[in-house]
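# A closer look at the structure
Each chain is listed here by its residues.
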Amino acid sequence: LVCILLTVVGGSGLLLLFVRFNVSMVAALPLLALGLGLDDMFVLIRYFNDVIFKMVTSKSTDESKPPPHEIVGTVLQEAGPGVLLTSCVNAISFGMGAMLPIPGLAQFCIGASVTSALNFFSIVTLFLPFMCLEIHRIDRNWPEYPCCKMTENRESLEDKRSEEHTSELQSL
């Protein structure tokens, strides 16, 4: 979601900088960017899960596991053409819509075209490094970040409860 937020902010900034447009006409751009960006991310995550599942289920030693950049390369090899094609088609089709004679709709299409292009750029430059971090987490069998904090808190709460319970028993 951070990638999409940066896309919306960057796209709006570029539009304000270079194109004179009515802000109320492009109020739906954040929702469009969210839909298009999440679609591309879901495609990448689907192939990422397939590759990771193959890696985890294979009964190989640690020495034969591929490095993270090769796993991300495999994900891009399988999912990259689809993500690139949909992003390019979205940007080009919205760019063609900028030639419409209706000013409000043309402004919306310019904004959607810029947002689609920035969406692809942010997914490739920001989302894929997070995949590498996820591969490192999976390799080391670490829990996910929020679960890690919850586990630490739960263990400390259980320790405190057991200490209170033993102190109550000793006082009796």
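Report follows, based on the coordinates. (Residues numbered from 1 in each chain as written. Predicted model: local features only at pLDDT ≥ 70, side-chain atom pairs only at ≥ 80, totals over all residues. Heavy atoms only, no water.)

Let us now look at the environment of Leu34. As for its placement among the helices and strands, Leu34 is situated in helix H2 (residues 29-57). Residues Leu34 and Leu1, spaced 33 residues apart in sequence, show a C-alpha to C-alpha distance of 7.8 Å. Residue contacts for Leu34: discarding those within four places in its chain leaves Leu1 and Ile4. (Helix = DSSP H or I, 4+ residues; strand = E, 2+ residues; numbered from the N terminus. Contact = heavy atoms within 4.5 Å.)

Nonpolar side chains collect at one region of the surface, where Val2, Leu6, Leu126, Phe130 and Leu133 lie side by side and expose about 490 Å² of accessible area between them. Mapped by element, the contributors of at least two residues to the nonpolar patch are helix H1 (2-18) and helix H4 (103-139). Within the element layout of this structure, Leu133 appears in helix H4. Given the relative accessible area of 52%, Leu133 is considered exposed. (Patch = residues over 30% accessible without salt bridge, like charges linked within 9 Å, V, L, I, M, F, W, Y side chains within 5 Å. Areas by Shrake-Rupley, 256 points an atom, 1.4 Å probe, with all protein chains shown as cover. Salt bridge = Lys/Arg side-chain N within 4 Å of Asp/Glu carboxyl O. Buried < 20%, exposed > 50% of the residue type's maximum accessible area, 1.4 Å probe, protein only.)

A few words now on the packing of aromatic side chains. A full pass over the atoms with the stated rule returns 1 aromatic pair. With a centroid separation of 6.5 Å and 90° between ring planes, the pair formed by Phe94 and Phe108 is classed as edge-to-face. On the criterion of sequence distance, the pair formed by Phe94 in helix H3 (residues 68-97) and Phe108 in helix H4 is long-range, its members being 14 residues apart. Its guanidinium or amino end placed over the ring of Tyr47, Arg46 lies 4.9 Å from that ring's centre, counting from NZ or CZ. (Phe/Tyr/Trp six-rings, centres within 6.5 Å; stacked < 30°, edge-to-face > 60°. Lys NZ or Arg CZ within 6 Å of the ring centre and 35° of its normal.)

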